Amino acid sequence: MKTILVAGGAGYIGSHMTALLVERGYNVVVVDNLATGHWQAVKGAKLRVGDLKDAAFLDRVFSEFSIDGVINFAAFSLVGESVGNPLKYYDNNVGGAVGILTAMKNHGVNKIVFSSTAATYGEPEKQPIEETDPTDPINPYGATKLAIEGLLKWCDKAYGIKYAALRYFNAAGANTDADIGEDHSPETHLIPNVLAAALGKKSLELYGDDYPTPDGTCVRDYIHVRDLVEAHLLALEYLDKGGESGPFNLGSGDGYSVKEIVETARAVTGKPIPAAIKPRRPGDPPTLIASNKKAREVLGWTPKRDLKTIIADAWTWHQGHPDGYGN
């Protein structure tokens, strides 16, 4: 039975990755500093609390367990905060990647799946976006992820550490069987904010209805978090079989507007969900849709869950956890 280290495994996507690996019979070690993660979300795995920039801590973890591969989700991810405090983001995100890759090199671990982002593309020239399109991030968060992709490329050349950099679009949903879901503070993602409004926990604000899109609101590509982590496992297996390093887009290939998300949530929840239209936010491209052709062809990955399922699963979790993991 293989042992996989999940860095950031107490976070939203990391905890879903951990749940899938445990379900599939892997031994799982979660490393998380719990700055934004939740220990309650780590189920069926060994949790070691510490920071990826702490070389002695990582050396102890890699010495304690015989690690076969790494999946790295550990990062700060608030775009607005990154613009105001780029040093924090470079120190944490890039510094943490240096830490985990150094430990891998020192302990002879040669496979890593990295949680990258569609923010590496910046404002794309065409839709859908392909992996070969230009990368030009418009915020420090995206820039740190692209810097780590560059680091991975050089570590592959120098040390033979093979990698898959998975560029996500919009992850959402929950794992109702494992009873884990999305709980960020502050919450910046649309679907949990829409559902919090459905629960009467907050008022909903939509930013901009004058974009060059069919209904004037931004269009985004949403993917169920379960589909997302299934792609990570396929990427790990692909590397294990000697697959070539490189980036992969993870998205549904379909675009949904902000208004479509709200309408679908109204249908799923049976709640009116009032929404106030506010001015555009700076830096929001009108449309972001992934081409997932490479992931389909190379990894054999197909997203299975539609928008209604995404929102229904998230709604089930939020109803049971109206205050997130705090209750």
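Before going into details, it helps to say that this report is about the structure given with it. Computed from a predicted model, the values in this text were never measured in an experiment.

Moving on, we get to the overall build of the protein. Assigned secondary structure in the protein consists of ten helices and 14 strands. Here the protein has a C-alpha radius of gyration of 19 Å; the compact-globule value for 327 residues is 20 Å, and the two agree. With the C-alpha coordinates of the protein rotated into their principal frame, the extents come out at 55 × 45 × 40 Å. Expressed as a percentage of the 327 residues in the protein, the buried residues total 53%. Across the protein, the fraction of contacts at a sequence separation of at least 24, relative to all contacts at a separation of at least 6, is 77%. Accessible surface, the protein: about 14,000 Å² in total, of which carbon and sulfur atoms supply 50%. Taken together, the 33 basic and 40 acidic charged side chains of the protein have centroids lying 2 Å from each other.

Let's shift gears to the sheet that holds strand S4 (residues 69-72). Here we have seven strands laid out as an open sheet, ordered S3-S2-S1-S4-S5-S6-S11, and parallel in their pairing. The sheet is open, and its two borders are formed by strand S3 (46-49) and strand S11 (246-250), each paired with just one other strand. Adjacent strand axes in the sheet meet at a mean angle of 20° when their direction is disregarded. Summarising the sheet, strand S5 (residues 111-117) and strand S6 (residues 162-168) pair through seven bridges and their orientation is parallel. Along S6, the bridge assignment pairs Ile112 with Tyr163. Lying over the sheet, helix H5 (residues 140-159) contacts S5, S6 and S11, oriented at roughly 155° with respect to S5.

With that out of the way, let us pick up the packing of helix H6 (residues 190-198) against helix H10 (residues 307-320). At a minimum axis distance of 10 Å, the contact between H6 and H10 shows a crossing angle of 55°. The angle between the axes of H6 and H10 places the two elements in the oblique class. Here the hand of the crossing between H6 and H10 comes out right-handed. Residue-level inspection shows Ile191, Pro192, Leu195 and Ala198 of H6 in contact with H10, the latter providing Ile310, Ile311, Ala314, Trp315 and His318. Among the residues forming the contact of H6 with H10, the class breakdown is eight nonpolar, one polar and no charged.

Cut-offs and rules
Residues numbered from 1 in each chain as written. Predicted model: local features only at pLDDT ≥ 70, side-chain atom pairs only at ≥ 80, totals over all residues. Heavy atoms only, no water. Helix = DSSP H or I, 4+ residues; strand = E, 2+ residues; numbered from the N terminus. Rg over C-alpha atoms; globule rule 2.2 N^0.38 Å. Buried < 20%, exposed > 50% of the residue type's maximum accessible area, 1.4 Å probe, protein only. Contact = heavy atoms within 4.5 Å. Areas by Shrake-Rupley, 256 points an atom, 1.4 Å probe, with all protein chains shown as cover. Lys, Arg positive; Asp, Glu negative; His and termini not counted. Charge placed at Lys NZ, Arg CZ, Asp CG, Glu CD. Pairing = 2+ DSSP bridges. Axes fitted to C-alpha atoms, helices over the stretch in contact; angles between N-to-C directions. Parallel < 35°, antiparallel > 145°, perpendicular 65-115°, else oblique. Left-handed = near helix turned anticlockwise from the far one by under 90°. Nonpolar A, V, L, I, M, F, W, Y, C, P; charged D, E, K, R; others polar.

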